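Chain by chain, the residues:
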Amino acid sequence: MISWYFPNLSADGDRFKGRSYSNHFKNALEIGQEIAENFTNLHQKTASFVDMFYNKSTLPYWFLNRTFANTSTLATETCYLLEDGRFWAWEGIGYCPGTCTHVWHYAQAMGRVFPELERNLREQTDFSVIESNGKIDFRGGRANRDATDGQAGIVLRSYREHQMTVDNIFLKTNWKYIKSALQYLIDMDAEDGEANGMIYGEQHNTLDAEWYGNIPVITSLYLAALKAGQQMAIEMEDNSFSKMCTTILKKGKKNIETLYNGEYFVQNEDPKHEDAIGIGAGCYIDQVFGQSWAFQLGLGRLYNKEMIQNSLDALWKYNFVPNMGEFRKSLPESLAGRPYAIDDDAGLVMCTWPKGGKKSDWKKHWQFGYFNECMTGFEYEAAGHMVWEDKIKEGLAITRAIHDRYHAGKRNPYNEVECSDHYARAMASYGVYLAACGFEYHGPKKHLAFAPKLNPENFQAGFIAAEGWGTYTQTQSRNTLQVSIELASGNLGLKEVSLEIPNGKKLKKAVLHLNGKRVKNTCTTKASKVLIKFKALEVIENGKLIIEIKYMFT
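(A) A look at the overall build of the chain. The number of helices and strands found in the chain is 16 helices and 20 strands. Over its C-alpha trace the chain gives a radius of gyration of 23 Å, about what one expects of a compact globule, namely 24 Å for 554 residues. A principal-axis box enclosing the C-alpha atoms of the chain has dimensions of 70 × 65 × 50 Å. For the chain, the residues scored as buried account for 58% of the 554 residues in total. Surface summary for the chain: the accessible area is close to 22500 Å², and the carbon and sulfur share equals 50%. The chain carries 63 positive and 65 negative side-chain charges, and their two centres are separated by 8 Å.

So, in structure tokens, the structure goes:
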């Protein structure tokens, strides 16, 4: 065993110092002794998790590896748990400080695998620098401004953090900050008149520039934030705020359709800022990002399904490049962007202009090169969304393209690079895994849902809840759907489970057993979804909930 002890950290100059473990251990020997004394339990839990996630899953091994490998970023020098207890991180090792909101809101892995770290980030960083008007500094006090996409991301992440608990304590404690952060976006929306679900003014975003006008990705994230805010307000019994979110969301759902060009969503540029960079008429990788977030949070369809699905088809048609080497050769070297995908690498590029409309003078902006790059965090976001929308082939192809780019024969498979090594945004990969499982979870409501996208007739995969993790299994036959929810560690409180049955099947009844004991339940159906409700129960370690759904004969 090798242990180490380097407590004298200076992160971001002298702004942050020390490591959390110095509060618990005096030297490397004490750390080693702690591990030795608990080795059997630590090894058993680790082996059990590996068995659950890899060995017991029917998902392809390459897919499991690629979607989970980036979680290792949390163990690199990108991330720190400081002496004062705060979680703090770069965007990538040594570059771009402050646990940047417009990067980290892509990174789904930490909030799902280590939810206490995301709660730490909300409470000890984002909400500690929130201003009276709700504006949150996107670099934890270093940027002296907000990022509009990151601001919406904080609202969405806050709802996720609430869902990944077992009670309402996090939401009740932080509702005033969450509400204020969303109100800031609503006030931005209202700058050009009454709030209508479409922000128009200056919008700093993750491509490191201020864009202007109605921007599809920002609008989409804003609508998702409104929906999440509405749901949190309902839980908090804040009726007036819930109604306001509902009213603006209704307008926004309709107004965002004005950005649709018949094939995908484009930017309505502000003529007062003709010199500003943006996507204009381009087909942009994140154009419907808000809907992807909405699916992960169980918020359902935000706006026009056909338009959203057509936009994803357009990304596949216009932005997926089978050979990035040839693509890069077609561009001036100064505009080809950074070489994240080269030679025969495939990838999804950030933005194309298949219908024209790209301004020639945008090339004067240093950020223009971004549009011609393949950056994995963005690619995973789009791929996961495609899987949610049943575009399985396309979503898997993009994910596989990344996996092949990061084959050990080419690059470090655990180090997906963007502006630096072990880049945080790459943890968006876990979102593709959630999509493949059709996973939804709301701990305080004791709600769990699965709608597997890959091989639903014989599916098995691991899942992580607020206080436990285990394996979900389903098998389909002509007349039944057999489901088991087995916990390998911790506990899982439940009082409702949502499942998906094949099209054309009609529910007859559901039979539940917890550890062999019958559980009374009621069922309702909506399209292909079956919602099974029962008195609150707890699945404990090594416990198993068995569900048998019987279909009517047809």
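(B) Region of the structure containing the packing of aromatic side chains. This model, assessed by the stated rule, comprises 34 aromatic pairs. Each ring, one from Tyr260 and one from Phe265, has its centre 5.3 Å from the other, and the planes form 55°; the classification is tilted. With respect to class, Tyr260 is no different from Phe265; both count as buried. Plain terms: the ring middles of Trp353 and Phe368 are 6.3 Å apart, the flat faces sit at 15° to each other, and that makes the pair stacked. In this pair, Trp353 is assigned in the loop between β10 (351-352) and α14 (376-388) and Phe368 in the loop between β10 and α14, connecting sequence segments 15 residues apart. In this pair, the class of Trp353 matches that of Phe368, namely buried. Among the aromatic residues, those joined into a cluster by ring pairs are Phe49, Phe53, Tyr54, Tyr61, Phe68, Tyr430, Tyr433 and Trp469.

(C) Main features of helix α7 (residues 148-163). Given a rise of 1.5 Å per residue, 16 residues ought to cover 22 Å, and the 23 Å separating the end C-alpha atoms of α7 matches this to within 8%. Burial of α7 is extensive: 16 of the 16 residues sit out of reach of the surface.

(D) Structural context of the packing of helix α6 (residues 115-126) against helix α8 (residues 169-189). Following both chains from N to C, one finds α6 and α8 inclined at 25°, their axes separated by 11 Å at the closest point. The angle between the axes of α6 and α8 places the two elements in the roughly parallel class. The element α6 and its partner α8 pack so that their crossing is left-handed. On α8, the residues touching Arg119, Arg122 and Glu123 of α6 are Phe170, Thr173 and Asn174. Partitioning the contact of α6 with α8 into residue classes produces one nonpolar, two polar and three charged.

(E) Inspection of the side chain of Glu263 at higher detail. Position of Glu263 among the secondary structure elements: in the loop between α10 (239-255) and β7 (283-284). For Glu263, a relative accessible area of 17% puts it in the buried group. There is a polar contact of 2.9 Å between the side chain of Glu263 and the side chain of Lys355. If we skip the residues at most four places from it in the chain, Glu263 touches Asn310, Ser311, Ala314, Lys317, Tyr318 and Lys355.

(F) Structural view of α10. Along its 17 residues, α10 runs 24 Å from first to last C-alpha, staying within 8% of the 24 Å computed at 1.5 Å per residue. What α10 keeps buried is the set Phe241, Ser242, Cys245, Ile248, Leu249 and Gly252. Buried positions in α10, seen along its axis, are confined to an arc of 135° and lie on one side of it. In α10, those exposed residues whose orientation departs by more than 90 degrees from the buried face are Asn239, Ser240, Lys243, Lys250 and Lys254. Here the buried face of α10 lies against α8 and α9 (216-235).

(G) Main features of the nonpolar core. In terms of nonpolar packing, the biggest core is built from 162 residues, with Leu59, Trp104, Tyr284, Leu492 and Ile549 touching the most fellow members. Ranked by the residues each element gives to this core, the list is headed by α9, at 11 residues. Those residues in contact with Tyr284, other than ones at most four positions away along the chain, are Leu207, Trp211, Val217, Ile279, Leu315, Met350, Cys351 and Phe378. In terms of nonpolar packing, the next biggest core, distinct from the first, is built from seven residues, Leu9, Tyr80, Leu82 and Trp90 among them.

(H) Quick look at the state of the cysteines. Within this structure, the stated rule accounts for zero disulfides. A disulfide-free cysteine, Cys96 has its sulfur positioned 3.7 Å from the sulfur of Cys419, the nearest such atom. A residue is classified by how much of its surface remains accessible, and Cys96, at 27% relative accessible area, is partly exposed.

(I) Local environment of the pairing of strand β16 (residues 507-514). Two strands pair when backbone bridges link them, and β16 and strand β20 (residues 544-551) are joined in this way by seven bridges, in the antiparallel orientation. Looking at the pairing, His513 lines up with Ile546 of β20. Relative to strand β17 (residues 517-519), β16 runs antiparallel, the two sharing three bridges. When the sheet's bridge partners are listed, Leu512 is paired in β17 with Val519. Where β16 folds back on β17, the antiparallel hairpin that results is connected by two residues, among which Asn515 adopts a positive phi of roughly 50°.

Here is what the cut-offs are and how they apply
- Residues numbered from 1 in each chain as written.
- Predicted model: local features only at pLDDT ≥ 70, side-chain atom pairs only at ≥ 80, totals over all residues.
- Heavy atoms only, no water.
- Helix = DSSP H or I, 4+ residues; strand = E, 2+ residues; numbered from the N terminus.
- Rg over C-alpha atoms; globule rule 2.2 N^0.38 Å.
- Buried < 20%, exposed > 50% of the residue type's maximum accessible area, 1.4 Å probe, protein only.
- Areas by Shrake-Rupley, 256 points an atom, 1.4 Å probe, with all protein chains shown as cover.
- Lys, Arg positive; Asp, Glu negative; His and termini not counted.
- Charge placed at Lys NZ, Arg CZ, Asp CG, Glu CD.
- Phe/Tyr/Trp six-rings, centres within 6.5 Å; stacked < 30°, edge-to-face > 60°.
- Expected span 1.5 Å × (residues − 1).
- Axes fitted to C-alpha atoms, helices over the stretch in contact; angles between N-to-C directions.
- Parallel < 35°, antiparallel > 145°, perpendicular 65-115°, else oblique.
- Left-handed = near helix turned anticlockwise from the far one by under 90°.
- Contact = heavy atoms within 4.5 Å.
- Nonpolar A, V, L, I, M, F, W, Y, C, P; charged D, E, K, R; others polar.
- Polar contact = N/O pair within 3.5 Å; in protein donor to acceptor, adjacent residues only side chain to side chain.
- Arc of directions from axis to C-beta.
- Core = buried A, V, L, I, M, F, W, Y, C linked by side-chain atoms within 4.5 Å.
- Disulfide = S-S within 2.5 Å.
- Pairing = 2+ DSSP bridges.

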